[in-house]
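Given next are the chains, with one letter for each unit.
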Amino acid sequence: MFRSFRLPPSRGKLAWSLFEPACCSLCTAASEKVNVAGTLLGMNESDTEKETEWERLLKPFDLEELRKVTYGISPYQLCKLLVLPIDVPMSMELFERAGAQKNYSHTFDVYCILIDKLGAAKEFKIIDRLLLQMKEEQIAFRESLFLMIMKHYGRASLPGQATRLLLDMRSIYSCEPTFRSYNVVLDVLVAANCPNVAPNAVCVSSTGFMRQLNCLTACFFFGVYPDGFTYGVLIHALCKVGKVDEARALWDKMPSSDVVLFNTMLSGYVMNGRFDEAKSLFCCLLDSPYKPDVFSYNILIYGLCKKGHLHSARDLVNEMEDNGCKPNVVTYTMLIDALCKLGYLNEANCLLTEMTGKGINLNVVGYNCLICALCKERRIAEALTMYNEMTDKGCKPDIYTFNSLIHGLTKDDKVERALGLYRDMLLGGVAANTVTYNILTHAFLKRNEIQEALKLVNEMIFRGCPLDNITYNGLIKALCQAGAVDRALGLFEEMTRKGLRPNNISCNILINGLGRTGRVQEALEFLRDMIHRGLTPDIVTYNSLLNGLCRERRMREALNLFDKLKLEGICPDVITYNTLISWQCKEGLFEDACLLLRGGLESGFLPNHCTWQILVCNCISQFDS
């Protein structure tokens, strides 16, 4: 019992609920997170009135009170405290103070609960120290502890550490890994895209699938034989990195198979564009004891839709029904998506009617396909009708639904209606994302309503939604067009300070803005800075600079720059030639303009109607003069 508190009898029930003996392993208690607060809430009113001391101890987690009670605490009582939502430093202090007691030893359950909390907080260095401490205290390790730590490594995107721990289980902690451990590590490696494994990963090869094969080899070496799940993970991983032939070789070596493994291999072929081999494997599945299920058919239907073979996909749906396999909502959603992408909206609606007649309700993904396609076709009224239909049927719209509708409304110049839908979305509990704000912001910028756009950007920041390159580029372009180039440059610097890497679009907008406001020298300096940042100027960059130089009557420098871009292997386009020819004509250099055109024609330049209009207008003006 606690030495620091003398509890009256009325509080004994609560104290007993907190410190009753354990009836099962606390490793399970670590995952179930025993809820002391629930015990408090379950008391009657008279008990609640008398719980002042315990409220002070447990509810506010008073640090001083918790420090007092650790003298004379048992391992079970410490477990009860560690599962409370107190922070890591306080948990470690409780752990260390309890360990300093005379005749006290931490149990496996104490370590398990504490390590779980540390893993959730990504305190892996402390976990390593605790594992060594467990070894020194001669506490028997269990595989469940290592599985838990490996999963925490996976959630923290540290697959290399998970691999290292698997190898350390036997060599350092004398804990024999079963295939459960290998399966967890393989799962972590696949989920984390293993080429990005941390540098301290203990593995032979630098490619993800080789790590997994090394892991499989290690299993055989240690006498652990893989199960179907492991083969499935490896086959999926190999297919994911395009190693389909290696996956098939592994699949052929399996002692036995089932429909799930058939589907994994089938999916690998389809995802890598090898549809003929997928069909061949599907025929093998038809002849095997394992009959294809709805997933098998859906994989093939997806492959046919991807190739644009909609008639074949529709025939396969009929075939699966003839074979007694009923299509599900995923089957119809794939068909509807393919029809929408090809613009066959009427056929998609017919398919919707068919599936509804079979008692299959369209899900949010299917509705999103239809709404997005209707918005692209500028059929906004029908898209809004579809939106109302899905809400009436109890299908909750998500952020993709709202983004499609908001984008469609802004394209139709119904910005106020789009803004209203955005507010309805927020009231409905759907959080706006960067795409939402970019659509609305750009809609206001197109109408030259910069202040309204900036208000939205402020709201975006307030709601914790990060600004991206698209947001900044839109604002920078609008400010440059309004002549506020300095404010645009300030936004550009803010973008780089926030860790966003400027692209050619950002730099081209600013160079064009500087050139149009007569600040060509700054534009040239900005070009040098752009190259220093690792960006390669393109023809748009040079066209902006050429136009700026011509505006300042610096024709010789413009022509030198024109020669330079040809030397750098950048091919001048029609805008380049039209800009130079136009300004040469304005400067009375008509013969030079004709020579430039002739040289361009010899280099493969094809003039457009603007080129001829510039030259003809100049000829007429010269004739008149």
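Computed from a prediction, not measured in an experiment: that's the story for all the values here.

K.L.:
Before we move on, can you summarise the overall build of the protein with the specific residues and values?
P.N.:
For the protein, the count of helices and strands is 37 helices and 0 strands. Counting every position in the protein, which comprises 625 residues, the buried fraction comes to 48%. Accessible area for the protein stands at about 31,900 Å²; split by element, carbon and sulfur atoms hold 55% of it.

K.L.:
Help me get a handle on the packing of helix 21 (residues 329-341) against helix 23 (residues 364-376), residues and values and all.
P.N.:
One way to put it is that helix 21 packs onto helix 23 with a least axis distance of 9 Å and a crossing angle of 10°. In terms of orientation, helix 21 lies roughly parallel with respect to helix 23. Contacts between helix 21 and helix 23 involve T333, I336, D337 and C340 from the first element and V365, G366, C369, L370 and A373 from the second. Grouping the constituent residues of the contact of helix 21 with helix 23 by class yields 6 nonpolar, 2 polar and 1 charged.

K.L.:
With reference to specific residues and values, describe the pattern of salt bridges.
P.N.:
This structure, assessed with the given rule, holds 24 salt bridges. One salt bridge connects E382 with R379, and the closest N-O pair in it is separated by 2.8 Å. Judged by relative accessible area, E382 falls into the partly exposed class, the value being 38%. The shortest N-O distance in the salt bridge between R447 and E416 comes to 3.2 Å. A residue pair is termed long-range when its members are at least 10 positions apart, and R447 in the loop between helix 27 (434-446) and helix 28 (450-462) and E416 in helix 26 (residues 415-427) qualify at 31 residues. Several salt bridges share partner residues, and in doing so they unite R314, E321, E354 and K358 into one network.

K.L.:
Explain helix 12 (residues 159-171) to me, using residue names and the numbers behind them.
P.N.:
Since one α-helical turn is 3.6 residues long, residues separated by three or four positions face the same way. Here helix 12 is 13 residues long and its end C-alpha atoms lie 19 Å apart, about the 18 Å a rise of 1.5 Å per residue gives. In terms of burial, helix 12 is largely enclosed, as 10 of its 13 residues are buried. Among the residues of helix 12, P159, G160, Q161, A162, T163, R164, L165, L166, D168 and M169 are the ones counted as buried.

K.L.:
Tell me about unusual backbone geometry, residues and numbers included.
P.N.:
Although it is not a glycine, D413 sits at a positive phi angle of roughly 60°. The residue D413 is located in the loop between helix 25 (399-411) and helix 26 in this model. Unusually for a residue other than glycine, R553 sits at a positive phi of about 60°.

K.L.:
Lay out the packing of aromatic side chains with the relevant residues and their values.
P.N.:
Enumeration over the complete set of coordinates arrives at 11 aromatic pairs. Note on F562 and Y577: the rings are 5.6 Å apart at their centroids and 75° apart in plane angle, and the pair reads as edge-to-face. Linking F562 in helix 34 (residues 555-567) with Y577 in helix 35 (residues 574-586), this pair joins segments that are 15 residues apart in sequence. Its relative accessible area of 4% is what places Y577 among the buried residues. Pairwise contacts between aromatic rings join F141, F146 and Y173 into one cluster. Positioned above the aromatic ring of W583, the side-chain terminus of K586 is 4.3 Å from the ring centre.

K.L.:
Outline the nonpolar core, supporting the account with residue identities and numerical values.
P.N.:
One finds M265, I301, I336 and I476 to be the most contacted residues of the largest nonpolar core, which totals 137 residues. Excluding anything up to four places from it in sequence, M265 contacts I235, C239, V244, A247, R248, W251 and L281. If you look at the next biggest cluster of nonpolar residues, it comprises 50 residues, including F95, Y104, L130 and F146.

K.L.:
Tell me about the environment of C239, and please be specific about residues and values.
P.N.:
Relative to the helices and strands, C239 resides in helix 15 (residues 228-240). Taking the C-alpha atoms as reference, C239 lies 7.6 Å from Y269; in sequence the two are 30 residues apart. In contact with C239, other than residues within four places in its own chain, are A247, M265, G268 and N272.

K.L.:
Can you tell me about a nonpolar patch on the surface, naming the residues and giving the values?
P.N.:
A contiguous nonpolar surface patch, about 300 Å² in accessible area, is contributed by W612, V616 and I620. Inspection of the secondary structure puts W612 in helix 37 (residues 609-624).

K.L.:
How would you sum up a positive patch on the surface? Please name residues and give values.
P.N.:
Residues R378, K411, K446 and K477 make up a contiguous surface patch of positive charge. Here K446 shows up in helix 27. Accessibility expressed as a relative area gives 66% for K446, which makes it exposed.

K.L.:
Please set out the packing of helix 28 against helix 29 (residues 469-481) residue by residue, giving values where relevant.
P.N.:
Contact geometry of helix 28 with helix 29 gives a least axis separation of 11 Å together with a crossing angle of 155°. Overall, the two elements helix 28 and helix 29 adopt an arrangement that is roughly antiparallel. Of the two possible hands of crossing, helix 28 and helix 29 adopt the one that is left-handed. The segment helix 28 lies against helix 29, with I450, L454, V457 and M460 engaging T471, L475, A478 and L479. Considering only residue class, the contact of helix 28 with helix 29 consists of 7 nonpolar, 1 polar and no charged.

K.L.:
Can you lay out helix 16 (residues 244-252) for me, pointing to particular residues and giving the numbers?
P.N.:
Buried within helix 16 are the following residues: V244, A247, L250 and W251. End-on, the buried residues of helix 16 take up no more than an arc of 120°, which puts them together on one face.

K.L.:
Describe in detail the side chain of T410, supporting the description with residues and values.
P.N.:
For T410, the position within the fold is in helix 25. On the basis of relative accessible area, T410 is assigned to the buried category, the value being 15%. Here T410 is in contact with A418, I439, L440 and A443, once residues within four sequence places are set aside.

K.L.:
Go over the confidence of the model for the protein with me, naming the residues and quoting the values.
P.N.:
When the pLDDT values of the protein are averaged, the result is 80; 81% of them are 70 or greater. When the elements of the protein are averaged for pLDDT, helix 3 (residues 36-41) gives the smallest value, 32, and helix 25 the largest, 95. Of the regions scoring below 50 in pLDDT, residues 217-225 engages in 14 contacts with residues more than four places distant in sequence or in other chains.

K.L.:
How would you sum up the environment of V244? Please name residues and give values.
P.N.:
With respect to the secondary-structure elements, V244 resides in helix 16. Among the residues examined, V244 registers a relative accessible area of 1% and is labelled buried. When the C-alpha atoms of V244 and R274 are compared, they prove to be 9.2 Å apart, with 30 residues separating the residues in sequence. Other than its neighbours up to four places away in sequence, V244 contacts L238, M265, G268, Y269, N272 and R274.

Quick notes on the rules
Per chain, residues are indexed from 1 in the order of the written sequence. It should be noted that, the model being predicted, local features are given only for residues of pLDDT at least 70 and side-chain atom pairs only at 80 or more, the latter also being counted only at that level, while totals for whole chains, interfaces and linings use all residues. Side-chain numbers here rest on the full set of heavy atoms in the structure, without hydrogens or water. Counting from the N terminus, the helices are DSSP H or I runs at least four residues long and the strands are E runs at least two residues long. Using a 1.4 Å probe on the protein chains alone, a residue whose accessible area is under 20% of its type maximum counts as buried, one over 50% counts as exposed, and one in between counts as partly exposed. For accessible areas, the Shrake-Rupley method is used with a probe of radius 1.4 Å. Any residue's cover is judged against the shown protein chains and nothing else. Note on geometry: axes are lines fitted to C-alpha atoms, helical ones only across the stretch in contact, with angles between N-to-C directions running from 0 to 180 degrees. Roughly parallel here means an angle under 35 degrees, roughly antiparallel means over 145, roughly perpendicular means 65 to 115, and every remaining angle is called oblique. Whether two residues touch is decided by their heavy atoms; if any such pair falls within 4.5 Å, the residues are in contact. We call Asp, Glu, Lys and Arg charged. Ala, Val, Leu, Ile, Met, Phe, Trp, Tyr, Cys and Pro are nonpolar, and the rest, Gly among them, are polar. Salt bridges, as used here, are contacts in which a Lys or Arg side-chain nitrogen is within 4 Å of a carboxyl oxygen on Asp or Glu. Take the residue count of a helix, subtract one, and multiply by 1.5 Å to get its expected span. Between rings of Phe, Tyr and Trp, where Trp is taken as its six-membered ring, a pair exists when centres lie within 6.5 Å; planes separated by under 30 degrees are stacked, by over 60 edge-to-face, and by other angles tilted. In this scheme, the term charge over a ring applies when either NZ of a lysine or CZ of an arginine sits within 6 Å of the ring centre and within 35 degrees of the ring normal. As used here, the term nonpolar core means buried Ala, Val, Leu, Ile, Met, Phe, Trp, Tyr and Cys residues forming a set that is joined through side-chain atoms within 4.5 Å. Distance thresholds for patches are 9 Å for like charges and 5 Å for nonpolar side chains (Val, Leu, Ile, Met, Phe, Trp, Tyr), applied to residues having over 30% relative accessible area and no salt bridge. Counted charges follow a simple rule, with Lys and Arg positive, Asp and Glu negative, and His plus the chain ends left uncounted. Here the site of a charge means NZ on Lys, CZ on Arg, CG on Asp, or CD on Glu. The hand of a helix crossing depends on one turn: near helix anticlockwise from the far one by less than a right angle means left-handed, and clockwise means right-handed. This arc corresponds to the set of directions leading from the helix axis out to the C-beta atoms. The predictor's confidence in any single residue is recorded as pLDDT, a number from 0 to 100.

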